Structure formats: structure tokens, C-alpha cells
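Inside the fold
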Amino acid sequence: MNDLKTKYLSAIAAAADESALEELRVQAVGKKGEVSLKMRELGKMTPEERQVMGPQLNALKDEINSALAAKKVALADAALDIRLKEEWLDVTLPVRPQRQGSIHPVSQVWEECTAIFADMGFAVAEGPQVEQAWYNFDALNIPGHHPARAEMDTFYMHRAEGDDRPPHVLRTHTSPVQIRSMEKHGAPLRIICPGRVYRADYDQTHTPMFHQVEGLAIGKDISMANLKWVLEEFFSAYFGKKVKTRFRASHFPFTEPSAEVDIQCSWENGTVKVGEGDGWLEVLGSGMVHPKVLEAGGIDPKEWQGFAFGMGIDRIAMLKYGIPDLRAFFDSDLRWLRHYGFSALQVPTIRGGV
Ligand code: PHE
């Protein structure tokens, strides 16, 4: 009896896991276990022997059972301890830094333009990107047969079969907003309109969608001189240094006279630097608003006159931030966006230098 007790109690104490423990239980107190077999032998004993052996065997069985139960709990506790150690988390650790989105250079420059022109008293106007042909062309003195209409590589919207009205277009420039603003507010007027425009063209310097900012100032005696001052003031604020401009005679149906404007720059080893050197770079079209355009906008050209200009936002963004390829603006390449993007806190202001 003592041998059995030492054998099983020490084996239970040494059991490595629950299955070893179960094996021991079967061996000792299972139906055919050693202790159970001993209990069966009680039947063959004399009543006196049985009286002594019976309680002893029962006590042994109880002792083994409670040793098994205790060991089972101990094994479970140990397993839990190991798991708790392995799966331990420090919930007080600060989180890993998360990448934030950035402001696209076009959005940044859009805001910069708005800030500079707002400082000169220009309000921001908007118009639809899907535009009536009348606003995009006719009202701007570009009639149906005019070559400019073909030159613009226009995207036309679909019309239902049998619908003979001229199709809407994706606006090819921001100039239709001139007409919409004149209609809405009359004269005098001082607005800029930054926005998306569309032309069916794609190469290193052209994308089918790009951005322009339109400017329009109407008053009693507004002249080309005011236009030149406003543009030079703008470029100097935008590039943070004095930038000379050059006006070249040009032609647009909606302005008379018309001028293309170049800004001063230097070309060295293939890089452009604005505001120095004796090179020139074309950045916008401009002129005095054509009397017919004023009329189309409901403004009397005998009483009012003014200037208008249209400038490429992507173009001046590339120049200021040294971005070589226009197409990269619209590729949504995260590496590019991280490199050229701006933090949300870099809000453009006039005073701090734009
Ligand atoms: N709308 C012209 C263009 O897209 C630019 C322009 C605007 C020219 C206003 C003169 C006046 O090319």
C-alpha cells in the first residue's frame, strides 16, 4: 500500500502535462487501475482483513484523486502564467506614428494664388466644369466656325439621339466664369476663378485635365497698365522676389488688344530659375476684355472696360517648387505626394511670405 502511494504521488507531482496526468489516473484509479484491482481483492479477504484494508484502500484512492485534481489545477495555472507572459501588452505605450495625408502642390498653389489676389481685392468666383458651349465659346466671341473652337481640343458631352441642341463641353478654360460673373454681379467687378479645365491632349507638358486661374477686373478706367502692375505684384509675392514680366502682342478672340505674358528666368544645366537671368518663360494669356464679351455678360462696353488674364496653375507650381514633369501631378504616386506635398499647417499667408 505504501509503495503504491509513493509511486503514484511522486509520478503525479512529476507529470508534465494534462495527458500524462490522465494516463496516471487510468493506471491508478481507472476501472482496471492498480488501486481498483486491489479493491476487488477485498472480496476474497476475511471480514477482519477487509475491515482494515477497506478504509485504507479508500483513503489511498481519495488521496490519489485529490493529488490528481490539485496537479490539474497547478498545470492549468502554469499554462496560464506562460500565456500571460507571452501575450503581455503595454497598453500605456504611445501609438506608432501614423502617416498623414499631405496637401497636393496644386491645392497649395491654388491657395497661394487666392491669398495674393485676395490681398489685392479680388473675390473668388466659381463656375461649372461641364459647361454650355455658349459660355465656353460663343459668349467669349468664339462663334461656331471660329478656328479657336477646333484648336481647343474640346471634350464634348453626349446628347441623346434626336436632340439637336449644341452639346455641353468640359470647359476648355476658366474664361466662361468671366461671363457668369458679369451676369451675376454686373460692373464694377474684380474676381479670380481658379479651377479645373480640360483639353484632349497628353504629353510631357500637357494633361487632359489641368488647372487655370482666371482674373477679371472691370471698372471705368482700368487699363493694360493696371494689368501689368497686378501681374508683377502677383509674381513678386508668389516667387518671393522681384520678377520682371514681358508682354508680347498676341491674339485671343475675347480680348483686344491681347498679350501673352512671359516671366524673367535663367536656364542653367536644364533647371529654370525665375526672377533672374535674361531668359523668358510664357505663363499666361491676357488682354483688355473685348466689347462683345462685355456685352455678352450684360455690361455696357461704352461705360465699362477692363482686363482679363488666364494663367496655368500647374505651370507656376512646377516653376516654384522645381517639379520637372507635369504628368506626375496626376499619377497619385504616394512617394511623389510625400516628397512634394505640403503639411496642412503650411497655410499660405501674405505677410509670412507665400
Ligand atoms: N482663356 C485663355 C486660354 O485658356 C487665356 C486667357 C484668359 C487669355 C483671359 C486672355 C484673357 O488660353
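Since this is a predicted model, take the numbers as computed values, not measurements.

Helix and strand counts for the protein chain come out as twelve helices and ten strands. Compactness check: the protein chain gives a C-alpha radius of gyration of 43 Å against a globular reference of 20 Å for 354 residues, more than 25% above the reference. In terms of overall dimensions, the protein chain has a C-alpha envelope of 140 × 60 × 35 Å along the principal axes. When each of the 354 residues of the protein chain is scored for burial, the buried share is 41%. Across the protein chain, the fraction of contacts at a sequence separation of at least 24, relative to all contacts at a separation of at least 6, is 64%.

With that settled, consider the UniProt feature "domain: Aminoacyl-transfer RNA synthetases class-II family profile" (unreviewed entry) in the protein chain. This chain's UniProt record puts "domain: Aminoacyl-transfer RNA synthetases class-II family profile" (unreviewed entry) on residues 116–348. Along residues 116–348, the helical share is 26% and the strand share 31%, with 9 Å between the first and last C-alpha atoms.

Within the secondary structure, Ser 175 sits in the loop between strand S3 (169–170) and helix H8 (176–185). For Ser 175, a relative accessible area of 4% translates into the label buried. A distance of 2.8 Å separates polar atoms of two side chains, one belonging to Ser 175 and the other to Glu 214. In contact with Ser 175, not counting residues within four places along its chain, are Leu 140, Glu 214 and Phe 254.

Now for the UniProt feature "binding site: Mg(2+)" (unreviewed entry) in the protein chain. Annotation from UniProt places "binding site: Mg(2+)" (unreviewed entry) at Glu 256. With respect to the helices, strands and loops of the structure, Glu 256 is situated in strand S7 (residues 255–268). Ignoring anything within four residues of it in the chain, the contact list for Glu 256 reads Met 288 and His 290.

On to the site of the ligand. The ligand sits among 14 residues. The nearest are His 173, Ser 175, Arg 199, Gln 212 and Gly 310. The side chain of His 173 places a nitrogen or oxygen atom 3.0 Å from a nitrogen atom of the ligand. A distance of 2.9 Å separates an oxygen atom of the ligand from a polar side-chain atom of Gln 212. Relative to its free-state accessible area of 330 Å², the ligand is covered by the protein chains to the extent of 91%. Of all elements in the fold, only strand S5 (209–219), strand S9 (279–289) and strand S10 (305–312) reach the threshold of two or more residues within the shell around the ligand. A class-by-class count of the residues in the shell around the ligand yields four nonpolar, eight polar and two charged.

Phe 117, Phe 234, Phe 235, Ile 263, Phe 307 and Met 311 are the most contacted members of the largest nonpolar core, which has 41 residues in total. Mapped onto this core, the elements with two or more residues apiece are helix H5 (105–119), S5, helix H9 (224–239), S7, S9, S10, helix H11 (313–321) and helix H12 (334–340). If you tally residues by element for this core, the top one is H9, at seven residues. Once residues lying within four places of it in the same chain are set aside, the contact partners of Phe 307 are Phe 122, Gly 215, Leu 216, Ala 217, Ile 222, Ser 223, Asn 226, Leu 227, Val 230, Gly 287, Met 288 and Val 289.

Turning our eyes to something else, we now look at the packing of aromatic side chains. Aromatic ring pairs are defined here through the distance separating the ring centres and the angle between the ring planes. Under the counting rule described, the total for this entry stands at 14 aromatic pairs. A ring pair is formed by Phe 235 and Phe 239, whose centres lie 6.4 Å apart and whose planes are at 20°; its orientation type is stacked. Placement of the pair is Phe 235 and Phe 239 together in helix H9, with a separation of four residues, close to one helical turn. Neither residue differs from the other here; Phe 235 and Phe 239 are each classed as buried. Residues Trp 336 and Tyr 340 carry aromatic rings whose centres are separated by 4.9 Å and whose planes lie at 45° to one another, so their mutual orientation is tilted. Remark: Tyr 340 and Trp 336 occur in helix H12; sequence separation between them is four residues, near one turn of the helix.

We now examine the pairing of S7. Within S7, ten of the 14 residues are buried, which leaves the element mostly enclosed by the surrounding structure. Judged from the seven bridges that link them, strand S6 (residues 245–252) and S7 form a sheet pairing that is antiparallel. Across the sheet, residue Arg 246 finds its bridge partner in S7, namely Asp 262. Hairpin connection, S6 to S7: the antiparallel pair is bridged by two residues. One ladder, built from nine bridges, connects S7 with S9; its direction is antiparallel. Considered in S9, the bridge of Asp 262 is made with Glu 282. What sits between S7 and strand S8 (residues 271–274) in their antiparallel hairpin is a turn of two residues, with Asn 269 showing a positive phi close to 45°.

How each quantity is defined
- Residues numbered from 1 in each chain as written.
- Predicted model: local features only at pLDDT ≥ 70, side-chain atom pairs only at ≥ 80, totals over all residues.
- Heavy atoms only, no water.
- Helix = DSSP H or I, 4+ residues; strand = E, 2+ residues; numbered from the N terminus.
- Rg over C-alpha atoms; globule rule 2.2 N^0.38 Å.
- Buried < 20%, exposed > 50% of the residue type's maximum accessible area, 1.4 Å probe, protein only.
- Contact = heavy atoms within 4.5 Å.
- UniProt positions renumbered as here; feature names shortened; annotations may be inferred.
- Polar contact = N/O pair within 3.5 Å; in protein donor to acceptor, adjacent residues only side chain to side chain.
- Near = heavy atom within 4 Å.
- Areas by Shrake-Rupley, 256 points an atom, 1.4 Å probe, with all protein chains shown as cover.
- Nonpolar A, V, L, I, M, F, W, Y, C, P; charged D, E, K, R; others polar.
- Core = buried A, V, L, I, M, F, W, Y, C linked by side-chain atoms within 4.5 Å.
- Phe/Tyr/Trp six-rings, centres within 6.5 Å; stacked < 30°, edge-to-face > 60°.
- Pairing = 2+ DSSP bridges.

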